[in-house]
Amino acid sequence: MSDSSPLKWLPSRGWIVLSGPADPLSEIRAQALSRHNAGGAIAYISLAEDLGDDLMDDMAELGAASGYLVDLEAHDNNEIYERLSAAAMIVVDAADQGDRLLKLLRRTAIHALKEALNRGGLLFFEGAAAALVGEFILAADNRIASGLSLVRNALVATEVSSIAGDAALRTARNELPDAIFVGLASGSALALGPDGQIETWGERQVAISLADPARLGETTIIE
């Protein structure tokens, strides 16, 4: 990534894609598919009641090759690591259970995700899962907690088009004056590439609140 970029993420050969809540009319999933190695496997992590069936069906309709679900609770650690680290694309869906997913990912899965990135894989975090990727997260009770730190010194929020317009984020901003806040609206995504690329996909409603104290409360829309 460029030294001049305010966003810093884990160096690797792969892509990290952070998407707001799923929008059936959005092109984001299709665009993520177009960036991954089509010859590789697609792994899914989903806490949805249907075990990701709808998600996998939608991806298949978009042209995705057959993939497989990695159950972070049912599989043993070695199997989790092997199935995730070898994937060319990993789709992560929290199904509005972000706190639970974070605990599960902290075990073996996070190491496998990093290895997949190192191998050039694409990590696609959608909805509540995207909020786990920063160094900080806003937990369900609005406490600030540690995230996965794939994006450093950052807090990511979904279903948000303005940082200053959200009361919980304004409070969190006061507690983290030096952090960068990222807001992702539904149908919008932020893609971070291996050579410092920063792209917005879909509706492109991505709000960035920089850590400059003189600009607290302001948002920048990346175009």
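Our subject is the structure that appears above.
Residues numbered from 1 in each chain as written. Predicted model: local features only at pLDDT ≥ 70, side-chain atom pairs only at ≥ 80, totals over all residues. Heavy atoms only, no water.

**A word on the pairing of strand 12 (residues 198-202)**
Consideration 1: Where strand 11 (residues 188-192) meets strand 12, 5 bridges bridge the pair, whose relative direction is antiparallel. The partner of S188 across the bridge, within strand 12, is G202. (Pairing = 2+ DSSP bridges. Helix = DSSP H or I, 4+ residues; strand = E, 2+ residues; numbered from the N terminus.)

**Considering the nonpolar core**
Consideration 1: Judged by nonpolar contacts, the single largest core of 45 residues is most densely connected at L72, L84, I90, L101 and F125.
Consideration 2: Of the residues forming this core, the biggest block, 10 residues, is contributed by helix 4 (residues 98-118).
Consideration 3: Setting aside anything within four residues of it in sequence, one finds L84 in contact with A43, I45, V70, L72, I90, A109, A112 and A116.
Consideration 4: Counting residues in each nonpolar core, the second largest holds 18 residues, with I28, L55, M59 and L122 among its members. (Core = buried A, V, L, I, M, F, W, Y, C linked by side-chain atoms within 4.5 Å. Buried < 20%, exposed > 50% of the residue type's maximum accessible area, 1.4 Å probe, protein only. Contact = heavy atoms within 4.5 Å.)

**Section: unusual backbone geometry**
Consideration 1: Positive phi is not limited to glycine here, since A95 has a value of about 50°.
Consideration 2: Note that A95 resides in the loop between strand 5 (89-93) and helix 4.
Consideration 3: Take A95: its relative accessible area is 29%, and that puts it in the partly exposed class.
Consideration 4: Notably, N153 is not glycine yet its phi reads approximately 50°, a positive angle.
Consideration 5: Among the secondary structure elements, N153 is positioned in strand 9 (residues 151-158).
Consideration 6: Take N153: its relative accessible area is 31%, and that puts it in the partly exposed class.

**Considering a negative patch on the surface**
Consideration 1: Taken together, D53, D54, D57 and E61 make up a surface patch of like negative charges.
Consideration 2: Mapped onto the secondary structure, D53 falls in helix 2 (residues 53-61).
Consideration 3: Classification of D53 as partly exposed rests on a relative accessible area of 42%. (Patch = residues over 30% accessible without salt bridge, like charges linked within 9 Å, V, L, I, M, F, W, Y side chains within 5 Å. Areas by Shrake-Rupley, 256 points an atom, 1.4 Å probe, with all protein chains shown as cover. Salt bridge = Lys/Arg side-chain N within 4 Å of Asp/Glu carboxyl O. Lys, Arg positive; Asp, Glu negative; His and termini not counted. Charge placed at Lys NZ, Arg CZ, Asp CG, Glu CD.)

**Quick notes on the sheet that holds strand 5**
Consideration 1: The mixed open sheet is built from 7 strands, whose spatial order is 4-3-5-6-2-11-12. In the strand order of this sheet, the two ends are held by strand 4 (68-69) and strand 12, each with one partner.
Consideration 2: Against the sheet, helix 2 engages strand 3 (42-46), strand 4, strand 5 and strand 6 (122-126), with an angle of about 140° to strand 5. (Axes fitted to C-alpha atoms, helices over the stretch in contact; angles between N-to-C directions.)

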